[in-house]
Amino acid sequence: MSYITGFCSGMVDFIGHNAPYLALGILLLLFVAFAFEKFPPEVTASGAAALYIVLGLVPEDEVMSVFSNSAPITIGAMFIVSGALVRTGVLDALANLVIARAQDRPILAMIVFFVAAVAASAFMNNTPVVLVLIPVVIRLAASLQIASTRLLIPLSYVAILGGTCTLIGTSTNIIVDGIATESGMEPFSIFEIAPVGLVATLVGSLTLLILGRWLLPHRKTGGGTDSGKETCFLSEITILDGYPHIGTPLGKIADFERDGVQVKGVKRAGQITRNDLGDHVAQRGDAVIVITTTSELLTFVDHSGLRVGMRRTTEADPDTELLTAEAFVTPKRNTVGRSIADLALGRKAGVRVLGAFRHGHIAGADLSSVRLRAADKLLLEGPAEGFRALAETGDVASITEPSGRAYRRRQAPIAIIALLGIVILAALNVMPIGILALVAVAAILLLRCIDSDEAWQSVDGSILVLIFAMLIIGAGLENTGAVELIVDMLTPLLTGLSPFLTLLAVYFVASIMTEAVTNNAVAVVFTPIVIALAAELGVDPRPLAVAVMIAASASFATPIGYQTNTLVYGAGNYRFTDFLKIGVPMNLMVGISASFAISIFFPL
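Here the structure is a predicted model, which means the values were calculated and not measured.

Asks: Can you explain empty space enclosed by the protein? Please cite residues and give values.
Replies: Throughout the structure, instances matching the rule amount to three cavities of 30 Å³ or more. Of the voids in this model, the second largest cavity is the one considered here, and its volume is about 40 Å³. Looking at the lining of the second largest cavity residue by residue, the class counts come to three nonpolar, seven polar and no charged.

Printed below as a string of structure tokens:
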């Protein structure tokens, strides 16, 4: 027993005397693990944070205090606000507006599109912005008859640049602000970094415009270009008594004129008309044959004046909750070749068909006449028991939730007002951004802009786990004296340099680290170091903190440094070197111009 006690005592003494070096050693191993990507970043960071705790490098009270940091809560709230803007169709409407203008004035449409992407990324998290716009960019490229590889990397880059224009544009900015505030600095206002971000955005955009002609790849993409694109189902939308647009030509009804809805015919009294559909006057009982996306189809389902898909053969119990699901037709002999009407899913399981999809073809003249083939995809509505019964018959398989949800366009003004409220009230210093974001989330949920389950799904939990883990590691570096050790090593190297060269050195160290690691990890670790370094050099820490904000976001040279790069990397079927060719010049031009802007607007 005495031997074990002595050993433990010796280990405690060893760790106590070597704590700074031990903390730095674990940090170095963490960065190496980040670079090799054997595990997701949040898993690697969590393991390192646990090691800091177990070795006693972070006291228990400091570990718990990390969870009171406002930055992760603010980031999570902004994820939900972004999700509400997607669900209410705000982003979709903006994207479709650009596509509609692309045929007539393609160059202007492209400029407007990328300016809109910058503006959207400045006020909402740029990851969902890029997710929504990837299929739009692919359609835009097709309409302009150019390869989508010419536009997808620029989409990611302008979204990154847009995020540097406001404090809420990217999680990196919020993290740096939170750490700087805890270190005794004045909080950043929402538009304080805007001049620097706008300069970086202008220079970066010009660099893309000038060099992109030679450095962006021009090749056909594979199937990856469809990532994020919803299935388009063949369906019938029957007009009922309560529809407010009875007597109106279809071409003047907004429901049928949306970009995601293609009207293919109108069935009246069993006869299908396919000519002059825009002039066809809607009447009660008309079945409008459409090909439309999952989200648009489910939006039609929510309309009380319309019936989507097949007529229900048996009335559903009004107290029964109806679910929607996608299912594939199995290659059973008694299923394949039969029409949807003959399949009688309603009588068998109380399930009705909302739409049908067949890869590469329109499945039929109208929904009821579709002759089923193996691997056809059906969009179904029915009770949970009905889906279980349907699965047991073996007629369909792989019953899953649909890839899209109904747009809630009536709530779009609420989502827009919530975002504007955050921006305007934060700019007027009425409340901290974190509090405003939480209030906006409460309003969004109460007023049904987005369902609670989808709100939580829109929060990227991996980013929050990564941030909390890195905050624990940052606390360990501070607590053990590792930050002072790094500052003591850097001070002689930077002493004697001009203020601008010091700023430039800080910027590019953060930039290079971000390319190999992740933006949020660099922000958490490097911010307290540059604040302490500024104190040692006797300069204002604010410009150095801004340099970390911009550099840790402006990651262009690899597909792993920033999430939006990773998204387009897969969607465009790019090669790693594609990012190096255009990204290295982007890093240099944006870094130098941002450093000049910081030296002007935040003089050292």
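Asks: Got a sec to walk through a nonpolar patch on the surface? Specific residues and values, please.
Replies: A cluster of nonpolar side chains, namely I73, I416, L420, I424, L425, L428, V430, M431, I435, L438 and V439, defines an oily patch on the protein surface of about 950 Å² accessible area. The set of elements that each furnish at least two residues to the nonpolar patch consists of α16 (412-427) and α17 (433-446). Looking at the secondary structure, you find I435 in helix α17.

Asks: So what's going on with the pattern of salt bridges? Which residues, and what values?
Replies: Taken as a whole, this structure holds twelve salt bridges when the rule is applied. In this structure, the salt-bridge partner of K267 is E236, at a minimum N-O distance of 3.3 Å. Residue K267 is located in strand β2 (residues 261-268), and its partner E236 is located in strand β1 (residues 232-239); the two are separated by 31 residues in the primary sequence. This pair shows no difference in class: K267 is buried, exactly as E236 is. Between D376 and R358 there is a salt bridge, and its shortest N-O distance comes to 2.7 Å. On the criterion of sequence distance, the pair formed by D376 in the loop between β7 (352-357) and β8 (377-382) and R358 in the loop between β7 and β8 is long-range, its members being 18 residues apart. When sorted by exposure, D376 lands in the same class as R358, which is buried. Several salt bridges converge on common partners, so that one network encompasses E236, K267 and D366.

Asks: Describe the layout of surface pockets, with residues and values.
Replies: For the second largest pocket, the calculated volume is near 660 Å³. What lines the second largest pocket is a set of 18 residues, among which M110, F114, S205, L208 and L209 lie closest to the centre. Where the lining of the second largest pocket is concerned, the elements lending two or more residues are α6 (106-123), α8 (149-163) and α10 (194-215). Partitioning the lining of the second largest pocket into residue classes produces 13 nonpolar, three polar and two charged.

Asks: Account for a negative patch on the surface, with residues named and values stated.
Replies: Taken together, the side chains of E478, E484, D488 and E536 present a region of like negative charge at the surface. Topologically, E536 is positioned in helix α22 (residues 519-537).

Asks: Describe the environment of P432, with residues and values.
Replies: Note that P432 resides in the loop between α16 and α17. Relative accessible area serves as the criterion here: at 54%, P432 is assigned to the exposed category.

Asks: Could you give an account of the side chain of R87, naming the residues involved and the relevant values?
Replies: Turning to its location among the elements, R87 is positioned in helix α4 (residues 70-87). Non-local contacts of R87, meaning those with residues more than four positions away in its chain, are made with S295, R405, A406, Y407, R408, C449 and E454.

Asks: Run through helix α9 (residues 171-182), naming residues and quoting values.
Replies: For α9, built from twelve residues, the straight-helix expectation of 16 Å at 1.5 Å per residue is met to within 8% by its first-to-last C-alpha distance of 17 Å. Judged by how many residues are buried, α9 sits mostly within the fold: ten of twelve residues are covered. The set of residues buried in α9 consists of S171, T172, N173, I174, I175, V176, D177, G178, I179 and A180. One or two residues past the end of α9 sits G184, with phi positive at roughly 100°.

Asks: Run through the side chain of T564, naming residues and quoting values.
Replies: Position of T564 among the secondary structure elements: in helix α24 (residues 563-571). The exposure class of T564 is buried, given its relative accessible area of 0%. Each residue touching T564, except ones within four places of it in the same chain, is listed here: N126, T127, V130, S156 and I160.

Each value, and the rule that gives it
- Residues numbered from 1 in each chain as written.
- Predicted model: local features only at pLDDT ≥ 70, side-chain atom pairs only at ≥ 80, totals over all residues.
- Heavy atoms only, no water.
- 1 Å grid on protein atoms, 1.4 Å probe; cavity = no way out; pocket = protein on both sides within 12 Å on 5 of 7 lines; lining within 4 Å.
- Points joined across faces, edges and corners; volume = space filled by probe spheres on them.
- Nonpolar A, V, L, I, M, F, W, Y, C, P; charged D, E, K, R; others polar.
- Patch = residues over 30% accessible without salt bridge, like charges linked within 9 Å, V, L, I, M, F, W, Y side chains within 5 Å.
- Areas by Shrake-Rupley, 256 points an atom, 1.4 Å probe, with all protein chains shown as cover.
- Salt bridge = Lys/Arg side-chain N within 4 Å of Asp/Glu carboxyl O.
- Helix = DSSP H or I, 4+ residues; strand = E, 2+ residues; numbered from the N terminus.
- Buried < 20%, exposed > 50% of the residue type's maximum accessible area, 1.4 Å probe, protein only.
- Lys, Arg positive; Asp, Glu negative; His and termini not counted.
- Charge placed at Lys NZ, Arg CZ, Asp CG, Glu CD.
- Contact = heavy atoms within 4.5 Å.
- Expected span 1.5 Å × (residues − 1).

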